[in-house]
Amino acid sequence: MRFTLCLAVLCVHASAVKSDPAALVDVVVDRYDIPRVCPREVQTEDFVRYHFNGTFFADGKKFDSSHDRGTAFISQVGLGRLITGMDRGLQGMCVNERRKITVPPHLAYGTIGTGGVIPPDAVLVFDVLLLDIWNSEDTVQTRTLSKPVSCNRTVVASDYVRYHYNGTLLSGAPFDSSHSRNTTYDTYVGQGDIIKGMDEGLLGMCVGERRIIIIPPFLAYGEKGYATQIPPQATLVFEVLMVDLFNPKDGLVVEVKEVPKICTRRTVVGDYIRYHYNGTFQDGSAFDSSYQRNSTYNTYIGKGYVISGMDKALQGLCTGEKRRITVPPHMAYGEKGVGDLIPGSAVLVFDIHVIDFHNPNDAVEIKVTHKPPECNMTSEADDMIQYRYNCSTMDGTLLYSSDHYETAPITTLGANKVIQGLDDGLMGMCVGEKREAVVPPHWGHGENGARGVPSSAVLFFELELLDLKKGVPDGYMFVWLGSSPDPLFLAMDLNGDKEVPLSEFSDFIMLQVKEGKGRLRPGMDADSIIEDMFNNQDRDRDGKIVPEELKLKVDEDEEKTGHDEL
């Protein structure tokens, strides 16, 4: 009803203007362009900033224009600082509204006029575009557009923040944007480094929050404005996205996500660790990931090879543990950041998963999981063994297994046939015994790794000894298990004819093995070994050994081995 009444009044005024301008008793307002949204209307004592063209009603001739001067007009409404007609005509106006205000002489410059510009009894027409409204009682206004579900921390005075923003005037005209520069605005809060209104408007924000902050001119750039971008007495509107925040007093924040049920050892300074990680900023945007490279990050702990925050956070971890580590910039890459990868003053969040760790002084760890009741013979160097195994990394990833082959592997211990750590793990075992062996990389495949084995990986072996054949020292084909016969040739000359052909030599050796007095090298053809032994003694190659030819290897070698061999 009110709106209809106002329209009626305006129509009456318009008719009066057309018929007789001098008959006007009040201003006539033609609101010819009204914005759809009008959160605030001009009231008495409000300050306004507007553009206008001023013309005479009689002939349309222009007498003044803020557009021509390139500077909007600024004044306060309702306190006599404007002509009475404008004081009335601006009431109820919205920002971005356009209206024509027709002012009769008695509400303008009356019968006198002014300065030779406005003649006496002139009806004036002002075409006005309102750009800004504010009041001395105004405060900073904030409105949250979106907010993360989880908000563990909000901005307080003395925090350092990184945020993106779009800055506009109250009319919507843009004046600046951090997005267009593709870099955040970074500053301390509450220390006077930014305009007062922004200092206030950022308080209470969460990382990831979007907020509208409306700042009246006296809490922004005031009467001077800022360069050419911000005019004097301009209300500023910022759409802010909080990207990051921290306080110079912040320390490392560690959140334990997952710990294995059994943790017999934790990392200490000097350990070498392999871990996977996802690196993000506080707003969740990623900057790096070891998973994408399909390769763990490997480093020493506490030696300064990584950022100080990570060096500290990697201490006290278990193999298999998962943690979230929040590192403030003064414990990360500081004000400079890292190229285009990490901005200056960025808080870093690492989700890490420890794959394994070791110390360069570690030995092979052996745990017996099953031992047969009877164990009369154990494996040692030079023995030939057959064993079953599973080999995995410490996170349980299976690398290889004897079950993948038709037969279990056979090897000679102490002969450099397998990695040193596995060799150690297989020593001293009974047939049927089962073990677990943890092999650090310096006893495994080292920094270079191997096919299917990551570099610097700690290996976990599940072992079972299937068969054991006692061996002979390297370089020997046969050893006596006690003292050799003396004289040896007489024992060897079974028919007493003072010469020993190959057949007689073979019968003698096999008899010693059968009676447990001697041992042939396991894993080789016995006939071939015996023939080689015979040929070594048949020095004149006449097909028989005579007393003058027979010598023990121990008599020929300068090195005393403690064994006698033919």
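Just above, that's the structure.
Residues numbered from 1 in each chain as written. Predicted model: local features only at pLDDT ≥ 70, side-chain atom pairs only at ≥ 80, totals over all residues. Heavy atoms only, no water.

Student: Let's hear about the pattern of salt bridges: which residues, and what values?
Tutor: Under the defined criterion, the tally for this structure stands at 30 salt bridges. R49 is the partner of D132 in a salt bridge, and the nearest nitrogen-oxygen pair spans 3.5 Å. Of the two residues, D132 is situated in strand β6 (residues 124–134) and R49 in strand β2 (residues 47–56); the sequence distance between them amounts to 83 residues. Residue classification places D132 among the buried positions, given a relative accessible area of 0%. A residue is classified by how much of its surface remains accessible, and R49, at 4% relative accessible area, is buried. As a salt-bridge pair, R265 and D362 come within 3.0 Å of each other at their nearest N and O atoms. With R265 in the loop between β13 (253–258) and β14 (272–281) and D362 in the loop between β18 (348–358) and β19 (365–370), this pair connects stretches of sequence that are 97 residues apart. A residue is classified by how much of its surface remains accessible, and R265, at 27% relative accessible area, is partly exposed. (Salt bridge = Lys/Arg side-chain N within 4 Å of Asp/Glu carboxyl O. Helix = DSSP H or I, 4+ residues; strand = E, 2+ residues; numbered from the N terminus. Buried < 20%, exposed > 50% of the residue type's maximum accessible area, 1.4 Å probe, protein only.)

Student: An account of the layout of surface pockets is needed here, citing residue identities and associated values.
Tutor: Estimates place the volume of the largest pocket at around 760 Å³. N152, V207, Q282, T326 and V349 are, among the 29 residues lining the largest pocket, the residues nearest its centre. When residues of the lining of the largest pocket are traced back to their parent elements, those giving at least two are β12 (236–246), β13, β14, β17 (322–327) and β18. Broken down by element, the residue count for the lining of the largest pocket peaks at five residues, all from β12. Partitioning the lining of the largest pocket into residue classes produces 15 nonpolar, eight polar and six charged. (1 Å grid on protein atoms, 1.4 Å probe; cavity = no way out; pocket = protein on both sides within 12 Å on 5 of 7 lines; lining within 4 Å. Points joined across faces, edges and corners; volume = space filled by probe spheres on them. Nonpolar A, V, L, I, M, F, W, Y, C, P; charged D, E, K, R; others polar.)

Student: Pulling in residues and values, what's your account of the packing of helix α10 (residues 502–514) against helix α11 (residues 526–537)?
Tutor: At a minimum axis distance of 10 Å, the contact between α10 and α11 shows a crossing angle of 120 degrees. One finds that α10 runs oblique with respect to α11. For α10 against α11, the interelement crossing comes out right-handed. Contacts between α10 and α11 involve L502, F505, S506, I509 and M510 from the first element and I530, E531, M533 and F534 from the second. (Axes fitted to C-alpha atoms, helices over the stretch in contact; angles between N-to-C directions. Parallel < 35°, antiparallel > 145°, perpendicular 65-115°, else oblique. Left-handed = near helix turned anticlockwise from the far one by under 90°. Contact = heavy atoms within 4.5 Å.)

Student: Run through the nonpolar core, naming residues and quoting values.
Tutor: Within the largest apolar cluster, 26 residues are counted, with the highest numbers of intra-cluster contacts made by Y50, M86, L90, F126 and V128. Taken together, the elements giving at least two residues each to this core come down to β2, β5 (98–103) and β6. Leave out the neighbours within four places in its chain, and F126 touches F52, N53, G54, F63, I83, M86, R99, K100, I101 and V103. Core analysis: the next-biggest nonpolar cluster, separate from the first, contains 25 residues, Y163, M205, I213 and I230 among them. (Core = buried A, V, L, I, M, F, W, Y, C linked by side-chain atoms within 4.5 Å.)

Student: Explain the environment of I307 residue by residue, including any values.
Tutor: Turning to its location among the elements, I307 is positioned in the loop between β16 (297–300) and α7 (308–313). For I307, a relative accessible area of 12% translates into the label buried. Considering only alpha carbons, one finds I307 and M242, 65 residues apart in sequence, at a separation of 25 Å.

That is the geometry; function is a separate question.
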